[in-house]
Protein chains: 2
Amino acid sequence: MTAPLHEERPPRAGRVLPDTQQGMRRRNLARVMHAVSAEVSLSRAAVASRIGLTRAAVSTLVDDLIRWGLLEELGPERPGRVGRPGSALAVSGRGPAGIGAEIGVDHLAVCVVDLRGEVRARAVRHGANRGRAAGPVIEELTVLIRRVVAEAQEAELWPAGLAVAVPGLVARDARTVVRAPNLDWHDTDLGRLLPGDWPLAVDNEANFGALAELWLAAGTPGDFLHVSAEIGIGAAVVVDGRLLRGTRGFAGELGHVPVRPDGPPCPCGSRGCLEQYAGEEAVLRAAGLEPREDLVGLLAERAEAGDEAVRAALRDAGTALGIALTGAVNLLDPETVVLGGALAGLSPWLLPSLQSELTGRTAGPACRVTVSPLGSQGPLLGAAHSVVRAVLDDPAVVAERA
Amino acid sequence: MTAPLHEERPPRAGRVLPDTQQGMRRRNLARVMHAVSAEVSLSRAAVASRIGLTRAAVSTLVDDLIRWGLLEELGPERPGRVGRPGSALAVSGRGPAGIGAEIGVDHLAVCVVDLRGEVRARAVRHGANRGRAAGPVIEELTVLIRRVVAEAQEAELWPAGLAVAVPGLVARDARTVVRAPNLDWHDTDLGRLLPGDWPLAVDNEANFGALAELWLAAGTPGDFLHVSAEIGIGAAVVVDGRLLRGTRGFAGELGHVPVRPDGPPCPCGSRGCLEQYAGEEAVLRAAGLEPREDLVGLLAERAEAGDEAVRAALRDAGTALGIALTGAVNLLDPETVVLGGALAGLSPWLLPSLQSELTGRTAGPACRVTVSPLGSQGPLLGAAHSVVRAVLDDPAVVAERA
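Per chain, residues are indexed from 1 in the order of the written sequence. As a convention, the first chain written is A and the first ligand written is 1, with the rest following in written order. Thresholds applied to this predicted model are a pLDDT of at least 70 for local features of residues and 80 or more for the giving and counting of side-chain atom pairs; totals over whole chains, interfaces and linings are not thresholded and use all residues. No hydrogens and no water enter the side-chain calculation; it runs on all heavy atoms of the structure.

Chain A is annotated in an unreviewed UniProt entry as Xylose repressor from Streptomyces capoamus. UniProt positions are given in the numbering used here, feature names are shortened, and annotations may be inferred rather than shown by experiment. The UniProt entry for chain A carries the following text under Sequence similarities (unreviewed entry): "Belongs to the ROK (NagC/XylR) family."

Enquirer: Help me out: how do you make sense of the relation of the copies chain B and chain A in this one?
Expert: There are two copies of the chain, and a rotation about an axis plus a shift along that axis relates them. Least-squares superposition of the copies uses the C-alpha atoms of those residues scoring a pLDDT of at least 70 in each of them. Taken as rigid bodies, chain B and chain A are interconverted by a rotation of 180° and an axial shift of 0.0 Å, the fit giving an RMSD of 0.0 Å. A rotation of that kind, with that shift, is consistent with a two-fold axis. Every residue of chain B has its C-alpha some distance from the rotation axis, and the shortest such distance is that of R260 of chain B, at 3.0 Å.

Enquirer: Even after reading the chapter, I still don't get the packing of helix 2 (residues 44-51) of chain B against helix 3 (residues 55-67) of chain B, so can you show me in this structure?
Expert: The relative placement of two packed helices comes down to the angle between their axes together with the axis-to-axis distance. Residues and elements named next belong to chain B. Axes here refer to lines fitted to C-alpha atoms; in helices the fit is confined to the stretch in contact. Angles between the N-to-C directions go from 0 to 180 degrees. Only runs of H or I of at least four residues qualify as helices and only runs of E of at least two qualify as strands under DSSP, and these elements are numbered from the N terminus. Axis separation between helix 2 and helix 3 bottoms out at 9 Å; the angle between their running directions is 115°. On the basis of their axis angle, the class for helix 2 and helix 3 is roughly perpendicular. Note on packing geometry: the crossing formed by helix 2 with helix 3 is right-handed. Together, R44, A45, V47, A48 and I51 of helix 2 and R55, V58, S59, V62, D63 and I66 of helix 3 make up the contact between the two elements. In the scheme used here, Gly and all other residues not listed as nonpolar or charged are polar, with Ala, Val, Leu, Ile, Met, Phe, Trp, Tyr, Cys and Pro taken as nonpolar and Asp, Glu, Lys and Arg as charged. Grouping the constituent residues of the contact of helix 2 with helix 3 by class yields seven nonpolar, one polar and three charged. In these notes the angle categories are as follows: under 35 degrees is roughly parallel, over 145 is roughly antiparallel, 65 to 115 is roughly perpendicular, and the rest is oblique. Left-handed describes a crossing in which the near helix is turned anticlockwise from the far one by less than a right angle; the clockwise case is right-handed. Residues count as neighbours in contact if any of their non-hydrogen atoms are within 4.5 Å of one another.

Enquirer: What should I look at first to understand the pairing of strand 11 (residues 224-229) of chain A in this one?
Expert: Moving residue by residue along a regular strand, the side chains alternate between the two faces of the sheet. All names here are of chain A. The buried label applies to any residue whose accessible area, calculated with a 1.4 Å probe on protein chains only, is under 20% of its type's maximum; exposed applies above 50%, and partly exposed to all values in between. For strand 11, a buried count of six out of six residues is recorded, marking the element as mostly surrounded by other parts of the structure. Burial along strand 11 is two-sided: F224, H226 and S228 facing one way and L225, V227 and A229 facing the other are all buried. Summarising the sheet, strand 11 and strand 12 (residues 233-239) pair through six bridges and their orientation is antiparallel. Bridging across to strand 12, H226 finds its partner in A236. By this definition, two strands are paired if DSSP reports at least two bridges between them. As defined by bridge partners, strand 11 adjoins strand 14 (residues 336-339) across four bridges and the pair is classed as parallel. Along strand 14, the bridge assignment pairs H226 with V338.

So this is what it looks like as structure tokens:
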């Protein structure tokens, strides 16, 4: 593959670290962190060879990273070999950590992930949030956040940021929930309600789920479409390792792709949207079931037990997903479609009709469809890890905040 | 708008210029070229203030760019003012230039664009290419290329690269036409057939059309969906000023988005694709017309004259485009949809039904739809300008080649 002849548009000012000595140093600090982070431990010499800098340059960068508490030395290695013994480096298990939070329709969850990527504290509260005002929900979430932060602090961790996954559309300010129909929240500024003065990022749960897939699931390519469902159907488009967010932050609304343009009306104003065939309510209706908590568990249980109405409802949902995904694959040419969230748990009954539709509608080889190994854990993990990635991507910021 | 907390994935090695002193210098050379290129002329001091470097640093960069023939001095300015008089800089109208070529179903075209963005030579040959083997078509194209290159050389221009727009899918090697149904070319390596040892980029005409829109049309945002048609219907997705190419280079296949999943079969293997409603053959059939050259002209002429069958056919095509675009807009959240190529000429009859569909299917304000001012000139201009941008983006390469 040759590189394209041209960059389509020169990078906008402010989108990348400045191209100065200082900016270069910050980017090189990030390269060191990522190199060490990719391994359990690594010598300075190995870091230097991986990132293409001299060992002397790497040493001064490493010294800073150790002083800021982001890397630690594991002691001398290779003592029997010739030359000055190298000391193996590892990412610190203390210091800055990411707080991830998830506001679900039926639960709240918070976790703390350290720079090594390990979950160090976790809290969950079950209970319906549908129709509740944002204030009391965030108050309950705050109790959970304070609890896990206290626990993390006992382990010498401190919050480098808070990231919150919500089942709705979030503005590009990364704090305002523009529309979360299943919570009945509209234009709700969560930044005003959430605790702490940590850097904050609120994002759609499908986006955080996709990022978790990108960062944590082995073998995930850099170009994929992540489809998930809680109540609505959301998707996240990852291109070249980056989320495609859209002009307003609303990209990935797969649930409102027209599947049958003259089909049943959808609350969005259109007709025959994917959600009218594969959304929770549509599947419930088709299967003749009543709404209740843990719907996915119920559907999976019934389908497993051979309930033909439930199996047919899931089969039809798979067909509708296949039609909508044919359009998405034609537009985006992703390497893979990943079924995540609730869809992962229902994949045994969705996948056959989904794949048959996708294959039948594609001239060449159809796009691969895989099932997320993270399932419903994706959004929470993605949120916490997004904070950790921010530290790895610009470690110098920690020096200013620590 | 706050920046996201994190970079989703650290840049891959090799995708950007290396982060060394040398790489930084090359990027700064590009910044100088882009700053001067954005104006008719600019002083060194103005360049320095725009790109945030010291005047001394800019002067050494400018000296190189002048020596390589990329910038020229217009002579002293502000002679009455205090201090050393600055000499205004302008992008050179001699030196490296981009050769753009277009292989159309009914024509071949070549042009030369200088670094200032001016078309300096042009050649066109009309005649059907449908069903002809690639060899003879490229031979004819080569005659045109040699003619415009000779003309350019008389004006002290030399080819910095050749970019070729084709009506088909191009592999990410930027030389192999994987599939061009309307030429009946399959897996055809144009790199082997084309003349010259210049850097080469073959790309889909919709992609070059979209790039022309991005670079040349005033007010085009960085996020848009460009829809065009020659015989098939193609689209190009531009996100944050960059083309989304897809894993295999096949992104933008809007023509095969299912509009009515049980509709008429499509040669692609699916049913009810957009092309079955809005492609040339479908519109011809619906309007009761026979295929001929300059179909767009014929349709526009008939519609203008009040032919109700033609108007109805275009109205229905607009409806189908609106349905397919609703899905695309939900997935991508672009700022604008731009109708380019042949569609631009037919927009008076397509737009009303297209927009009514898009508006009726959108909860909030519908995505804006505009008509390309470049129309069918887009792909050829985009191709030539892609070579020019490559020089502006990394001027040091010219020093190695000149």
